[in-house]
Amino acid sequence: MNIPLFIVSFVAVFAFIYILYCRGFAVLRKTCAIMIVFRHGKNADKAALDSCTGWVMHVGRFRESRTYEFFLDAQLSKGNVEVILLDRKKQPLMILNPQAPTGKTELDVKNKYYLRWEFKGVTGKCELRW
């Protein structure tokens with residue numbers, strides 16, 4: 001009798017996490033860091049890092065169909081950061097880094113997009129605004 005209850009509970013928790021991920025509230029990540037603070041919001045993502053290598057990915061929540069302009073503000077004392085905007089098939093639409101910090105692209109509210117941050121030995125602060 002306990003095994004079916006366990007299975008139902010597991011499925012319910014998994015479904016809840018999946019819904020949060022699809023709505024952009026949950027974040028996938030693979031990092032090796034001394035410290036990372038990552039926050040995403042309506043019109044910006046922010047990260048404060050100390051010796052971080054790895055990646056963070058979440059569903060981008062864009063509330064209207066239009067041309068979006070993205071600005072990457074990377075205040076790094078060492079390392080490199082790259083932000084990749086991916087389509088629903090996880091194909092790159094735009095890549096931003098400190099050498100190319102701005103970009104424009106047309107996004108449709110009906111499609112799903114992902115924002116993937118890649119860190120390579122990063123110490124400092126980063127912000128992505130749109």
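Residues numbered from 1 in each chain as written. Predicted model: local features only at pLDDT ≥ 70, side-chain atom pairs only at ≥ 80, totals over all residues. Heavy atoms only, no water.

K.L.:
Before we move on, could you go through the side chain of N97 and cite the residues and values that matter?
P.N.:
Mapped onto the secondary structure, N97 falls in the loop between β5 (92-96) and β6 (102-107). A distance of 2.9 Å separates a polar atom in the side chain of N97 from the backbone nitrogen of Q99. Here the side chain of N97 touches A100 through a polar contact of 2.8 Å, landing on its backbone nitrogen. For N97, the residues in contact, after removing those within four places along its chain, are L72, V81 and E82. (Helix = DSSP H or I, 4+ residues; strand = E, 2+ residues; numbered from the N terminus. Polar contact = N/O pair within 3.5 Å; in protein donor to acceptor, adjacent residues only side chain to side chain. Contact = heavy atoms within 4.5 Å.)

K.L.:
Provide a residue-level description of the pairing of β5, including the pertinent values.
P.N.:
Summarising the sheet, strand β4 (residues 66-86) and β5 pair through four bridges and their orientation is antiparallel. Bridge pairing links L85 to M94 in β5. Counting the residues between successive antiparallel strands, the hairpin from β4 to β5 contains five residues, one of them, K90, with a positive phi of roughly 65°. (Pairing = 2+ DSSP bridges.)

K.L.:
Can you tell me about the environment of Q99, naming the residues and giving the values?
P.N.:
For Q99, the location among the structural elements is in the loop between β5 and β6. Here Q99 falls in the exposed class, since its relative accessible area comes to 64%. Along the sequence, Q99 and A74 sit 25 residues apart, while their C-alpha atoms lie 9.9 Å from each other. (Buried < 20%, exposed > 50% of the residue type's maximum accessible area, 1.4 Å probe, protein only.)

K.L.:
Give a description of unusual backbone geometry that names residues and reports values.
P.N.:
Backbone geometry places S51, a non-glycine residue, at a positive phi of 55°. By the secondary structure assignment, S51 is in strand β3 (residues 44-60). Within the chain, K90 stands out as a residue other than glycine whose phi angle is a positive 65°. Inspection of the secondary structure puts K90 in the loop between β4 and β5.

K.L.:
If you had to explain a nonpolar patch on the surface to someone new, which residues and values would you point to?
P.N.:
A surface patch of nonpolar side chains, amounting to about 660 Å² of accessible area, comprises I7, F10, V11, F14, Y18 and I19. Along the chain, I19 turns up in helix α1 (residues 2-22). (Patch = residues over 30% accessible without salt bridge, like charges linked within 9 Å, V, L, I, M, F, W, Y side chains within 5 Å. Areas by Shrake-Rupley, 256 points an atom, 1.4 Å probe, with all protein chains shown as cover. Salt bridge = Lys/Arg side-chain N within 4 Å of Asp/Glu carboxyl O.)

K.L.:
Break down the nonpolar core for me, with residues and values.
P.N.:
One finds F62, F70, L85, W117, F119 and L128 to be the most contacted residues of the largest nonpolar core, which totals 22 residues. Among the elements that make up this core, the one with the highest residue count is strand β7 (residues 113-129) (seven residues). (Core = buried A, V, L, I, M, F, W, Y, C linked by side-chain atoms within 4.5 Å.)

K.L.:
With reference to specific residues and values, describe the pattern of salt bridges.
P.N.:
According to the stated counting rule, one finds three salt bridges in the structure shown. Note that E118 is salt-bridged to R116, the shortest N-O span being 2.8 Å.

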